[in-house]
Every structure is written in structure tokens, then in C-alpha cells.
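Observations on chain architecture
One-letter residues, chain by chain:
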Amino acid sequence: MHVLGIETSCDETSVAIVKDGRYVLSNIIASSRDLFALSGGVIPEEAARQQVECFLPVLDTCLEQSGLSWDSIDAIAVTKGPGLLGSLLVGTVSARTLGALRKKPVLGIHHTLGHLSSAWLVPPGEEAEPIAFPLLTLSASGGHSDLWLRESHTRSTLLGKTRDDAAGEAFDKGANLLGLPYPGGPSLAKAAEGGDENAFSFPLPFQGEPHLDFSFSGLKTSLKYTLRDALASGKNLPDILPDLSASYQLAICKHLSDRVERAITQHPEVHEVQVVGGVSANKRLRSLLQERLGSVCVRAPRAIAYCTDNAAMIAGAAYFLVQERGESPYICWETESSLPLSAEAL
Ligand code: KG4
Ligand code: ZN
């Protein structure tokens, strides 16, 4: 089954073609993030305009690169929410139009469910590994930080979620405090290179508490005061930037790993831990999770492009939903900027 995926929920315009939920034939992503480097965040109106500009060239490139014609496409899958409404509508209206023109079913997919399918995507030329449920997924992006216990693609239990900021937000807001450009995750990780991650200490949220929720707003406040105190004591920001970035990055990664480790002790039946979403691109997070979990297999998406927003994960999620539940629950849908994942078939 070939699914053409479309993802336009924020500042990335992406179209992909994925075979049988896993094999990526092409995954084209145009990003308008450079436009927002100076504004410190996405300007919704501008992001939607960029989606309109980028959509058709991205679609054409995707089809060309896959080597397939429309005849070989079995379904179209599009992110229906959550996200910026203007950006989402570019994708959903385009998907419905293409579906009507090409006579293909159009499935509406929850953005986070896309991330939850991203660790199984296989880049062109690589082999797929078997899928082993039950597993634990840490899904950490700019919009959410969730821990899921998953029995199958469509049967999952939410074990924990953030009580305030998302992990990606902690990177973005922290980077902003340090004068680093948006998006904060990659720029903070870069600033941290060569820094001493033990130079500054930050509190570990919920240390010793049995629940599996996250909280990042205290870390951000702590960074603000640590920076203020360091500058007041006569230090220069450029001198302390690598150490401060590395220490703050470690604090976020420790909190995420601490909750995952606790979840594993509560659910020893899981075969592996997956980490997905934009924050899963972070190398320190991946290495710390593996250090902390020892012999448990830790799996992250195989390409950085599958961590951050991309259409291949939307096509992958659609395939697994159809396999387990059939097409009908996903054919009738609306575009929604706020959409809890619990509303999905999970
Ligand atoms: O999944 P995603 O592309 O979009 C959302 O669904 O939100 O995640 C974007 C988030 C941003 O907050 C960005 O700063 C963060 O992922 N991110 C990273 C890295 N790359 C992206 N955070 C830490 N380290 C990275 N290398
Ligand atoms: Zn995302």
C-alpha cells in the first residue's frame, strides 16, 4: 500500500510517499524556520503564507523523487490537527482537493500519532527491523511531552504528560534567554558542544515522585536566575554560554530520562523504549537514555528528518491505523487546531 502523506501543521511543508507504513520512497520538507530565527518564534500568518508558496513544488518534487505516478497511490493521509489553523488548512484543503481530483480516499491523522509511528520509518535502501509490542514511547516535541505504554499501533495508554511547558518549549525558551536563534533545540545543542555539562546545577523536577508526569517551567526559571547571577558576578555571556547551554541541556535530558526509567521499573514487560518528536533529535538525550536504561533497547527515528515534523510519519500512521481499524474511522474528519490525542482511536 502506497500512502501519500501531507504535513503542514506549523512551519514545515512536507509531502512524502511511504510503502506499507515503513518504507520511505520520498520525504520532501521545505521549512520556513529561518524566517523566524530573529522573531524568536513562528508568526502564524507568515507560516501559513509560506505553506501556500511551498506546497505545490514540494508535492511535485516528492512524486518525481518517488518515481511513482498517481495511479500507484492508494490513499492520501494529512495532518488534521493540532497545529496552527492557517497552516493546517493549507494541507487539509490541498489533500481534499487532490483526493477529489485523483479519486483517492483522504484520511485525517493526528499529528502526534504521526510522531508515534516515526521510529519505524526506514530510509531508502535500508532494511526494516521487526516491530515488538508492548513498548514505551517518549514523545517530546515543541507542543507536548508524553509517555505512552503501547500494546499495538491503536491501543495505547497515556502514562504521563507535562504539567506545564513541553520539552521542546524548554529548549526554545531557554535558547531565547541565552540569545540563541529559534528553533532553540538545535541552536542550544550546538552552543553546548564542548561545554562542561556539570558546570552549573539545575533542580531535577519531581525527583523521587512515583507519577510519570513532566514539568519544565521550573528549569526555565532556574536558567533565568542562574544567568542573572552569573552576569551580576561579572561573567560574560559568550564565556559561559557553552557550559550553561550544556548544563541546561543535561537538566532537560535528565528529567526526561528519569521519568522513562521510572516507567520501565513500573512496566518491566516492555520490549523497548522509543523516543520520538523534535526533541528526539537531541544526541545527548539519546545517549543519556541508553546509559540510564542499560540493556533495554532504545530506539529513535533513523533520520533526523523523521524526528522533526515530516509527512512520512503521517503516511506511516495512516497505514497502521487502516491495518488495525479499517479506513472508515479516518475518512470523516475535520481540521482542528486543538485536538487531544485521546480523541483518536487509541
Ligand atoms: O516535532 P517538532 O518538529 O514539532 C512539534 O510538533 O512541536 O518539534 C519541534 C521541537 C522544537 O521545540 C525544537 O526546539 C525541538 O523540537 N528540537 C530539538 C532538537 N531539534 C529540534 N530539541 C533538542 N535538540 C535538538 N537537536
Ligand atoms: Zn511535531
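Refer to the structure presented above.
Residues numbered from 1 in each chain as written. Chains lettered and ligands numbered in written order. Predicted model: local features only at pLDDT ≥ 70, side-chain atom pairs only at ≥ 80, totals over all residues. Heavy atoms only, no water.

Remarks on the overall build of the protein
On a plain count of helices and strands, the protein comes out with 10 helices and 10 strands. Rg of the C-alpha trace for the protein: 20 Å, near the compact-globule value of 20 Å for 346 residues, within the 12% margin. Oriented by its inertia axes, the alpha-carbon framework of the protein measures out at about 65 × 45 × 35 Å. Classification of the 346 residues of the protein by burial places 55% in the buried group. Carbon and sulfur atoms make up 52% of the accessible area of the protein, which totals about 14100 Å². (Helix = DSSP H or I, 4+ residues; strand = E, 2+ residues; numbered from the N terminus. Rg over C-alpha atoms; globule rule 2.2 N^0.38 Å. Buried < 20%, exposed > 50% of the residue type's maximum accessible area, 1.4 Å probe, protein only. Areas by Shrake-Rupley, 256 points an atom, 1.4 Å probe, with all protein chains shown as cover.)

Examining the coordination of the zinc ion (ligand 2)
At 2.0 to 2.1 Å from the zinc ion (ligand 2) lie its protein donor atoms, namely H111 (NE2), H115 (NE2) and D309 (OD). Along the chain, the residues donating to the zinc ion (ligand 2) fall in the pattern H-x3-H-x193-D. On the criterion of sequence distance, the pair formed by H115 in helix α3 (residues 111-117) and D309 in the loop between α9 (304-307) and α10 (312-325) is long-range, its members being 194 residues apart. The same class applies to H115 and to D309, which are both buried. (Donors = N, O, S within 2.8 Å, 3.2 Å for Na, K, Ca; no water.)

Some words on the sheet that holds strand β5 (residues 106-110)
The strand order across the open sheet formed by five strands is β3-β2-β1-β4-β5, and the pairing between neighbours is mixed. The open sheet has two edge strands with one neighbour each: β3 (23-31) and β5. Strand-to-strand twist in this sheet, taken as the mean axis angle between neighbours without regard to direction, amounts to 20°. Pairing of strand β1 (residues 2-7) with strand β2 (residues 12-19), which is carried by six bridges, proceeds in the antiparallel orientation. Within the sheet, the bridge partner assigned to I6 lies in β2 and is V15. Sitting on the sheet, helix α1 (residues 44-66) touches β1, β2 and β3, and the angle it makes with β2 is about 25°. (Pairing = 2+ DSSP bridges. Axes fitted to C-alpha atoms, helices over the stretch in contact; angles between N-to-C directions. Contact = heavy atoms within 4.5 Å.)

Considerations on the packing of aromatic side chains
For the structure shown, the criterion picks out five aromatic pairs. When the centroid spacing of 6.2 Å and the interplanar angle of 10° are considered together, the rings of F214 and F216 count as stacked. By the burial criterion, F214 is buried, and F216 matches it. Look at Y319 and F320: their rings are 5.5 Å apart centre to centre, the planes differ by 75°, and that puts the pair in the edge-to-face class. An identical accessibility class is assigned to Y319 and F320; each is buried. Aromatic rings pair up to connect W120, F133, Y319 and F320 into one cluster. (Phe/Tyr/Trp six-rings, centres within 6.5 Å; stacked < 30°, edge-to-face > 60°.)

Digging into α10
The terminal C-alpha atoms of α10, which comprises 14 residues, lie 20 Å apart, in line with the 20 Å expected from a rise of 1.5 Å per residue. With respect to burial, α10 is a largely interior element, 11 of its 14 residues being buried. Within α10 the residues assigned to the buried category are A312, M313, I314, A315, G316, A317, A318, Y319, F320, L321 and V322. Each element contacted by the buried residues of α10 is listed here: β1, β2, β3, β4 (75-81), β5 and α3. G326 sits one or two residues past α10 and shows a positive phi near 80°. (Expected span 1.5 Å × (residues − 1).)

Looking at the site of ligand 1
In the region of ligand 1, 17 residues are neighbours, and H115, G142, D172, G185 and N282 sit closest. The backbone of G185 places a nitrogen or oxygen atom 2.9 Å from an oxygen atom of ligand 1. N282 is positioned such that a nitrogen or oxygen atom in its side chain is 3.0 Å from a nitrogen atom of ligand 1. Burial of ligand 1 by the surrounding chains reaches 88%, relative to a free accessible area of 550 Å². Among the elements of the structure, α3, α4 (167-177) and α5 (184-192) are those that each provide at least two residues to the shell around ligand 1. (Near = heavy atom within 4 Å. Polar contact = N/O pair within 3.5 Å; in protein donor to acceptor, adjacent residues only side chain to side chain.)

Digging into the sheet that holds strand β7 (residues 145-150)
The mixed open sheet is built from five strands, whose spatial order is β8-β7-β6-β9-β10. Two strands lie at the open edges of the sheet, namely β8 (156-161) and β10 (297-299), each paired on one side alone. The mean angle between the axes of side-by-side strands here comes to 20°, regardless of whether they run parallel or antiparallel. Pairing between strand β6 (residues 135-140) and strand β9 (residues 272-276): five bridges, direction parallel. Its bridge partner being in β9, S139 is matched across the sheet by V276. Relative to β6, helix α7 (residues 237-266) is tilted by about 160°, and along the sheet it contacts β6, β7, β8 and β9.

Things to note about the pattern of salt bridges
The tally for this structure, following the rule as stated, stands at 16 salt bridges. Note that E126 and R302 form a salt bridge whose closest N and O atoms lie 2.8 Å from each other. Placement of E126 in the loop between α3 and β6 and of R302 in the loop between β10 and α9 is noted, with a sequence separation of 176 residues between them. D165 is the partner of K220 in a salt bridge, and the nearest nitrogen-oxygen pair spans 3.3 Å. On the criterion of sequence distance, the pair formed by K220 in helix α6 (residues 217-232) and D165 in the loop between β8 and α4 is long-range, its members being 55 residues apart. Under the relative-accessibility criterion, D165 is labelled buried at 8%. A single salt-bridge network, built from bridges that share partners, covers R22, E126, E129, E272, R299 and R302. (Salt bridge = Lys/Arg side-chain N within 4 Å of Asp/Glu carboxyl O.)

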